[in-house]
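Listed below, chain by chain, are the residues.
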Amino acid sequence: MSYMLEGRTGSWEIVVGLEVHAQVISKAKLFSGAATAFGAEPNSQVSFVDAAFPGMLPVINRECVAQAVRTGLGLAAEINLESRFDRKNYFYADLPAGYQISQYQMPVVGRGSIEIVLEDGSTRHIGVTRLHLEQDAGKSFHDRDPVLSYIDLNRSGVALMEIVSEPDIRSPEEAGAYLRKLRSILRYLGTCDGNMDEGSMRADVNVSVRKTGEPFRTRCEVKNVNSIRFVMHAIEAEARRQIDVWEEGGEVEQETRLYDPGRGITRSMRSKEHAHDYRYFPDPDLLPLVLDPAWVEELRSALPELPDAKRARFIREYAIPAYDAGVLTVDQAVADYFETIAKGRDARLASNWVTGNLFAAMNETGRSIENPPVSAAHLGQLLDLIADGTINGRIAKDVFEAMVETGDAPAAIVESRGLRQVTDTGAIDTAIAQVLAANADKVAEYKSGKDKLFGFFIGQAMKATGGKANPAAVNEALRRALS
Amino acid sequence: MALDPATVRRIAKLARIRVTDEEVTRLQTELSGILGWIEQLNEVDVSGVAPLAGVSHQRLPMREDVVNDGGKADAILANAPARVDHFFTVPKVVE
């Protein structure tokens, strides 16, 4: 089951740790009253603090601290009631202060854990080392001028949570599962929107390789990978590169690299040569961050039900398969939708309709669960029409398609299109008599032992009733007619 | 502890300060003096004393999550050495 890469000298295990930067959902920035909204006019959401004007002092945003604590609680992590802010010093054009306010030695959140579920259904716990609060930098645009970079400081000072994992990840699949699970937890908590394409969640990937049973070898950091797919590709590309270096008798050097998705390789980021000398020191502008235990408890008691708990409850309460429960609980809105229609109905059927027909209709129409192609109330009514025998399962699929098209209630569609199930045995008997009369040769074959033709007769009889007949009634009537 | 010239140059480079050879000699003496003083402080036995980040014994004050700043790109850019529209511009820095 373990993932290994084959080299010239044998198999290699990969070792991966992830540092995820998650943009905190808050109205204002971490240390200023400027707005955080995405896509505003350049430098329109910048205070003098964010632009590092001399003498400006940071004042921390309570909600950003609350969001970090909520996230820590959601990761079953230790909350440090006293933490501290440090300055991380480096020069870059979009970092006006020449340092980033971060938490180095005393982060607000300590050790936690994330449970991941793999394709084969097995689960693993990936350790979380820490979570700390820090400022984001501004944004540079290098593509608007041949010799200039443009700088927009709107993002400068927006709160980020850096969530660091233990080097517990052993395959690209596990890295993908970890990121999806973390994103799901953040979205449930409402602490980060998890949109990697807008940059509100980005990952730095630490990769090393080793032979089975060895201690860790030197790692490289692949910076700023902005999709789960690219993280998985970058891990494999970087591991392959390191295996080649080791197998050619070389030495992997600890360095920062970039992933080039176009070419599927990582390359060295030479400008960061001195970057690891950040000369951290406590920020003299900020006192220690001291949390009131009662406030932490208040935040804990207001947490929503999280994906793992919801998944376990769905398996227990609705008796649906673990896989389905996992799919239904990735997104809180999907879980809510499912519960609306499953309550008091056949939950397994409800699950099949949501993960099958509804998801397919969402893909086709490009609509989201927040604005679904069929409302939960209408899908529930459709299940009721199946349950009380008004329509059969095959017709239900047609009704569903009409619901997607028209937005009408299922009962109205069934009435206006005359799709009500035919349970009248007289009508069914008539249809069967016609089918048998029209296929006398096949009836003879059936009677001489060709049993498979039974299915053919069922199909013809259903067709003769426009698909509306009750399949069980047709089956029974046909057996009677052929005996 | 005496700093060698290479370390002084490295510190200056990290701080983006250009130093002449004469300045390196002078800074070597000055920085070594500061480090010597820190070493002297290190002689104090602080075992069993929790590290202190401030002496005021105050808690970090917090602000509410309210947008009450920004919307002043012209003021932010007023002293920019170079700009295009409402962007700062710098010589191209690209990975």
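Everything below is about the structure printed above this text.
Residues numbered from 1 in each chain as written. Chains lettered and ligands numbered in written order. Predicted model: local features only at pLDDT ≥ 70, side-chain atom pairs only at ≥ 80, totals over all residues. Heavy atoms only, no water.

Draft legend 1. Seen up close, the overall build of chain A. Per the secondary structure count, chain A includes 15 helices and 17 strands. Its C-alpha atoms give chain A a radius of gyration of 30 Å, more than 25% over the compact-globule value 23 Å for 483 residues. Over its C-alpha atoms, taken along the principal directions, chain A stretches across nearly 95 × 55 × 50 Å. Looking at chain A as a whole, 51% of its 483 residues qualify as buried. Expressed as a percentage of contacts within chain A between residues at least 6 apart in sequence, the contacts between residues at least 24 apart total 68%. With the model as given, the accessible surface of chain A reaches about 21800 Å², and the carbon-plus-sulfur share is 51%. Across chain A, the 55 positively charged side chains and the 68 negatively charged ones have centroids separated by 3 Å. (Helix = DSSP H or I, 4+ residues; strand = E, 2+ residues; numbered from the N terminus. Rg over C-alpha atoms; globule rule 2.2 N^0.38 Å. Buried < 20%, exposed > 50% of the residue type's maximum accessible area, 1.4 Å probe, protein only. Contact = heavy atoms within 4.5 Å. Areas by Shrake-Rupley, 256 points an atom, 1.4 Å probe, with all protein chains shown as cover. Lys, Arg positive; Asp, Glu negative; His and termini not counted. Charge placed at Lys NZ, Arg CZ, Asp CG, Glu CD.)

Draft legend 2. Just a negative patch on the surface, in detail. All names here are of chain A. Negative charge collects at one region of the surface, where E364, D398, E401 and E405 lie side by side. For the negative patch, the element with the highest residue contribution is helix 10 (residues 393-406), accounting for three residues. Position of D398 among the secondary structure elements: in helix 10. The class of D398 is partly exposed, set by a relative accessible area of 36%. (Patch = residues over 30% accessible without salt bridge, like charges linked within 9 Å, V, L, I, M, F, W, Y side chains within 5 Å. Salt bridge = Lys/Arg side-chain N within 4 Å of Asp/Glu carboxyl O.)

Draft legend 3. Region of interest: the sheet that holds strand 3 (residues 87-91) of chain B. Read across the open sheet, the four strands follow the order 9(A)-10(A)-3(B)-2(B); overall the sheet is antiparallel. Among the strands making up the open sheet, the edge pair consists of strand 9 (139-141) of chain A together with strand 2 (83-84) of chain B. (Pairing = 2+ DSSP bridges.)

Draft legend 4. Expanded view of the interface of chain B and chain A. On the side of chain A, 52 residues touch chain B, which itself brings 37 residues to the contact. Buried surface at the junction of chain B and chain A, both sides included, amounts to about 4200 Å², of which 61% is carbon and sulfur. Where chain B packs against chain A, one counts two salt bridges. A salt bridge links R62(A) to E64(B); its shortest N-O distance comes to 3.0 Å. Taken together, the connections running from chain B to chain A amount to 17 residue pairs in polar contact (both at pLDDT 80 or more). Mapped by element, the contributors of at least two residues to the side of chain B that touches chain A are helix 1 (5-14), strand 1 (62-63), helix 3 (73-77) and strand 3 of chain B. Here the side of chain B that touches chain A takes five residues from strand 3 of chain B, the largest share from any one element. Of the residues contributing to the side of chain B that touches chain A, the split by class is 19 nonpolar, seven polar and eleven charged. Across four bridges, the pairing between strand 10 (residues 148-152) of chain A and strand 3 of chain B is antiparallel. (Buried area = accessible area lost by both parts, 1.4 Å probe. Polar contact = N/O pair within 3.5 Å; in protein donor to acceptor, adjacent residues only side chain to side chain. Nonpolar A, V, L, I, M, F, W, Y, C, P; charged D, E, K, R; others polar.)

Draft legend 5. Region of interest: the packing of aromatic side chains. Residues and elements named next belong to chain A. Here the structure, examined in full by the defined rule, presents 15 aromatic pairs over all chains. A ring pair is formed by F31 and F85, whose centres lie 5.5 Å apart and whose planes are at 80°; its orientation type is edge-to-face. One end of the pair, F31, is in the loop between strand 2 (10-23) and strand 3 (60-61); the other, F85, is in the loop between strand 4 (82-83) and strand 5 (86-89), and 54 residues separate them in sequence. One exposure class covers both F31 and F85, and it is buried. Ring centres of F230 and Y259 lie 6.1 Å apart, and the angle between their planes is 55°; on these two criteria the pair is classed as tilted. (Phe/Tyr/Trp six-rings, centres within 6.5 Å; stacked < 30°, edge-to-face > 60°.)

Draft legend 6. Region of interest: the pattern of salt bridges. Enumeration according to the criterion identifies 37 salt bridges over all chains in this entry. Across the pair E174(A) and R124(A) runs a salt bridge whose closest N-O atoms are separated by 2.6 Å. Placement of the pair is E174(A) in helix 2 (residues 172-189) and R124(A) in strand 8 (residues 123-135), with a sequence separation of 50 residues. Assessed through its relative accessible area of 25%, R124(A) is described here as partly exposed. Two residues, D21(B) and R9(B), come together in a salt bridge whose shortest N-O distance is 2.9 Å. Pair noted here: D21(B) is in helix 2 (residues 21-42) and R9(B) is in helix 1, with a separation of twelve residues, a long-range link.

Draft legend 7. A nonpolar patch on the surface, seen in detail. Residue and element names in this part refer to chain B. There is a patch of nonpolar side chains on the surface, built from I34, L35, W37, I38 and L41 and spanning about 460 Å² of accessible area. When you line up the elements, L35 lands in helix 2. Since its relative accessible area comes to 31%, L35 is described here as partly exposed.

Draft legend 8. Geometry of the packing of helix 7 (residues 332-342) of chain A against helix 9 (residues 376-387) of chain A. All names here are of chain A. Two elements in contact, helix 7 and helix 9, have axes separated by 8 Å at closest approach and are oriented at 35°. Here the hand of the crossing between helix 7 and helix 9 comes out right-handed. Counting all contacts with helix 7, which are made through Y337, T340 and I341, the residues of helix 9 involved are A376, L379, G380 and L383. Residues of the contact of helix 7 with helix 9, tallied by class, amount to five nonpolar, two polar and no charged. (Axes fitted to C-alpha atoms, helices over the stretch in contact; angles between N-to-C directions. Left-handed = near helix turned anticlockwise from the far one by under 90°.)

Draft legend 9. Looking closely at the sheet that holds strand 5 of chain A. Residue and element names in this part refer to chain A. Taken in spatial order, the three strands make up an open sheet running 6-5-16, and their pairing is antiparallel. Two strands close off the open sheet at either side, each with one partner strand: strand 6 (99-102) and strand 16 (281-282). Sheet analysis places strand 5 next to strand 6, joined by four bridges and oriented antiparallel. Bridged to R87 within strand 6 is I101.

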